[in-house]
Amino acid sequence: MTNTPKRPPAGLPDKQTLLAFLRDAGSAEKTDIARHFGLKGGDRRALREMIRQLEAEGALGKRGRKGFSPSGALPPVGVADVVERDLDGELYVRLVEASDDAPRALLMPDNSGRTGPAPGMGDRLLVKFARGAEGWEARLVKKLDGERTRVLGVIRKSNREVRVEPVDRRSKDVLLVPHAQAEGLKDGDLVLAAIEKGDQRYGPKRGKILETIGREDDARAASLIAIHSHGVPTGFSEAVEQEAEHQELPSLKGREDLRDLPLITIDPADARDHDDAVYAMRDDDPKNADGWIVWVAIADVAAYVRPGTNLDREARDKGNSTYFPDRVEPMLPERLSNGLCSLTQGDNRACMAVRMVFDKDGRKTGHKFVRGLMRSHAKLSYEQAQAAIDGAPDDTTGPIMEAILYPLWNAYRAMLKGRLKRAPLQIESAERRIRMDPEGKIRSIEARVSLEAHRLIEEMMIQANVCAAETLEQKKTPLLYRVHDAPSQEKLFNLGDFLGTIGKPWTKGEPATTKRFNKLLDETRDTEHAEVVNEVVLRTQMQAVYSAENVGHFGLNLDRYAHFTSPIRRYSDLIVHRGLIRALGLGKDGLTDREIAELPSIAEHVVMTERRSMAAERDAMDRYIAAYLEDRVGASFTGRITGVTRFGLFIRLDETGADGLVPVSTLGNEYFTHDDRSHALVGERSGLRWVLGRKVEVKLKEATPVTGGLLFEMLSEPGPRDPNAPSARLGMRARGAPGGGYPKRGGPKPRDGKKPSGGLKGVRKGKRR
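Keep in mind that this is a model prediction, so the values were computed, not measured.

## Quick word on the sheet that holds strand β11 (residues 175-177)
- An order of β9-β10-β11-β13-β12 is seen for the five strands of this closed barrel, with the pairing classed as mixed. Taken over all neighbouring pairs, the strand axes of this sheet differ in orientation by 50° on average, direction set aside.
- Of the strands in this sheet, β9 (150-157), β12 (189-195) and β13 (205-215) are in contact with helix α4 (residues 221-229), which crosses β13 at around 140°.

Shown next, in the form of structure tokens:
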């Protein structure tokens, strides 16, 4: 709680007094509110009921797992984008990923004496929010992204002018560049251009070409565009490469010898680095009959990437590796990521390992971390390991079935009992994989198959992550948690509204639990609504983030959780490794006092880099899919409506998982309005509806690889009108249509100067637990 107001007289406040207190405080938990007002006994119960009422009225929203703040309020500190400039030149910012009711804030002049360019339109900033005399104000803490003054685009030449058309579908920054700058460039060249500052108010902005990136028709252009569009750092400085090259092979000094432990790696068939290895065996302790010992060994990246070095600074800046269908932008140089830190078969490798003990019912009864020297006994792919367990071993898996693979699977099946009892969220994620030939052409787009081998490794990594968080908490060592907050009350109410449209009851007042969501998913799994319910439940969830403060992990149903298992590709995991080294006295390269003080800002930074990578990976996938479908313009496809908005329908194709838009203006000879409660577009004259989750047939009208955009034409007919809709709507005149008729190209029309209500947007799925 911050900016605590003066304590009032003891007693239950009225609603307005409570909201005024929370506005001044920013946010507060129930216990803090009760303490502030001096509430006890029955007054505390009455306070809980008042808070529930304010949530139901939409006046109060959750902040974190336990905190509350008034709807429309802003946090004391947040990441915001500069989104608007008024006629007087004043800039306004909006909180990144804000709720619909979040206000904009006036960016106040920076009087701190900072040097460097002033914030401008599109910049991303870390700001402090406060209420001013005329509304919310924001004061700059620091700029987070200076790349918004640049445009990645395609050269379009004519006799009159040279333009740079942005590859970002959402950007309107078409730039005019001088002919002299475009000498030697051709139509279709990909370039990075800077927007030139000036007071120009009309027409295209002026730009300056900074560098040539490639060609829009290059088979691998999608990844290049995504990298440059999202500012993903590429390559390494010479100083970092030299530091990496001078690292030495590990020795036994200060380490436990684990080389005789038959640890193996199980990874995707095309994996280039191997940062985790596993082994399981029966526990011979008579007190743990039918129990198991499971080892998880992770590359000891902290032994090579030490605090304050060039390697550390660039790894922190990158935050994580970024993966594309044709390339990887790694967090660490190849000498480490694919060399010294990769647990390659037969080679001595430094590791951080955890020995976990489980009883026959999968309950973890103890664990211990060691810093060791290991040697992988086998390198398997998921498919290879699964085939062996399914009865088709090969030359590699055959000799290790009895000693390694069977014990691993038997230990996992015991662990699975504990997982089922814990009941993590069981959302099904339909991921796609692009297969490419050596020239970069797409051979196929396939659904990723989920094998038991995947789930085995996932569960063992989850348990190792839990052990890391538990140990650091026990040793009172600060850490970066991986947290996932419970869904907000607003999202739960929206879910209830949608489920009502398909006749599925959902009590809005009940708290969110994973068991409750799983029951819903199980009850609809074999029905026509299975996919859409899975989709809507996914959208109801909050995003997982890194934080120095723990609120638990709702999706995994865990009280404490930290990322420990991938330090080659995630800086957060390296921080956790350093914490364990410090907490357990395993060396002098542990977490420093300075890093502990910086944990909140490190958490914020790695959340930003993770989202940057996710956005770049998603955009590259969109562009590759558009390139794959470009030759099939005019073809028909089956798909499902995955998003209903006031401007059209998002369709996901069954064959490729590609997402595209059917514009509302092409849907028929009447206006369609957006009903956000039922997630439908409704014809004003007929009442016919396009509803979320419906199976449809569409024709591909346009595929634009450079932007990743797909446009469809609807071939199916709209569904029947809602039988509960007022019959008076039938036969009514279309408001605003000339002569009371219905225009051929309609759409949701603003009324009384207001914009139509917003709706769901199509989303991507991805496993980032």
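Picking up after the structure, the text goes on.
## Overview of the confidence of the model for the chain
- Residues at a pLDDT of 70 or more form 86% of the chain, whose mean pLDDT is 84.
- Across residues 1-8, where pLDDT falls below 50, the model places 21 contacts with residues more than four positions away in sequence or in other chains.

## Re the packing of aromatic side chains
- A complete count under the given rule lists four aromatic pairs for this structure.
- Both rings, one in F369 and one in F564, keep their centres 5.4 Å apart while their planes meet at 80°; by these two values the pair is edge-to-face. Highlighted residues: F369 in strand β21 (residues 364-375) and F564 in the loop between β26 (545-547) and α14 (571-584), separated in sequence by 195 residues.
- A relative accessible area of 7% places F369 in the buried class.
- Residue F564 is classed as buried on the basis of its relative accessible area, which comes to 0%.
- With a centroid separation of 6.2 Å and an interplanar angle of 85°, the aromatic rings of F647 and F650 are classed as edge-to-face.

## Overview of the side chain of D589
- Mapped onto the secondary structure, D589 falls in the loop between α14 and α15 (593-629).
- With a relative accessible area of 14%, D589 lands in the buried category.
- Here R371 takes part through its side chain, which lies 2.9 Å from a polar atom of the side chain of D589.
- Apart from the residues within four sequence positions on either side, D589 is in contact with A302, A303, R306, P307, R371, R578 and I581.

## What about the sheet that holds strand β32 (residues 689-691)?
- Strand order in this open sheet of three strands is β30-β31-β32, and the pairing throughout is antiparallel. With partners counted over all chains shown, the strands left at the sheet margins are β30 (672-675) and β32, one partner each. Neighbouring strand axes in the sheet, compared pairwise and without regard to direction, differ in orientation by 20° on average.
- In terms of strand pairing, strand β31 (residues 680-683) meets β32 through three bridges, oriented antiparallel. Within β32, the position partnered with V682 by the bridge is R689.

## What about the pairing of strand β15 (residues 264-267)?
- Neither face of β15 is exposed, since I264 and I266 on one face and T265 and D267 on the opposite face are all buried.
- Across four bridges, β15 lies against strand β22 (residues 378-381) in parallel orientation. Residue pairing for β22: T265 is matched across the bridge by K379.

## Some words on the environment of R220
- Following the sequence through the fold, R220 ends up in the loop between β13 and α4.
- Classification of R220 by relative accessible area gives partly exposed; the value is 24%.
- Between the C-alpha atom of R220 and that of G440, which follows or precedes it by 220 residues, the distance is 5.9 Å.
- With residues up to four places along the chain from it excluded, the contact list for R220 reads D326, R327, D437, P438, E439, G440 and Y624.

## A look at the packing of helix α6 (residues 310-318) against α14
- It is at 9 Å that the axes of α6 and α14 come closest, and there the two elements cross at 130°. Here α6 lies oblique to α14, going by the angle between them. Where α6 abuts α14, its residues D312, A315 and R316 lie against Y571, L574 and R578.
- Partitioning the contact of α6 with α14 into residue classes produces three nonpolar, no polar and three charged.

## Structural notes on the nonpolar core
- Core analysis: the biggest nonpolar cluster contains 91 residues, and V296, L405, L408 and M460 have the highest contact counts within it.
- The element that contributes the greatest number of residues to this core is helix α10 (residues 452-474), accounting for 10 residues.
- Contacts of L408, omitting those with residues within four sequence positions, involve I264, V278, Y279, A280, L456 and M460.
- Grouped together as the second largest cluster of nonpolar side chains are 47 residues, I434, L629, A658 and L667 included.

What counts, and at which threshold
Residues numbered from 1 in each chain as written. Predicted model: local features only at pLDDT ≥ 70, side-chain atom pairs only at ≥ 80, totals over all residues. Heavy atoms only, no water. Pairing = 2+ DSSP bridges. Helix = DSSP H or I, 4+ residues; strand = E, 2+ residues; numbered from the N terminus. Axes fitted to C-alpha atoms, helices over the stretch in contact; angles between N-to-C directions. Contact = heavy atoms within 4.5 Å. pLDDT = per-residue confidence, 0-100. Phe/Tyr/Trp six-rings, centres within 6.5 Å; stacked < 30°, edge-to-face > 60°. Buried < 20%, exposed > 50% of the residue type's maximum accessible area, 1.4 Å probe, protein only. Polar contact = N/O pair within 3.5 Å; in protein donor to acceptor, adjacent residues only side chain to side chain. Parallel < 35°, antiparallel > 145°, perpendicular 65-115°, else oblique. Nonpolar A, V, L, I, M, F, W, Y, C, P; charged D, E, K, R; others polar. Core = buried A, V, L, I, M, F, W, Y, C linked by side-chain atoms within 4.5 Å.

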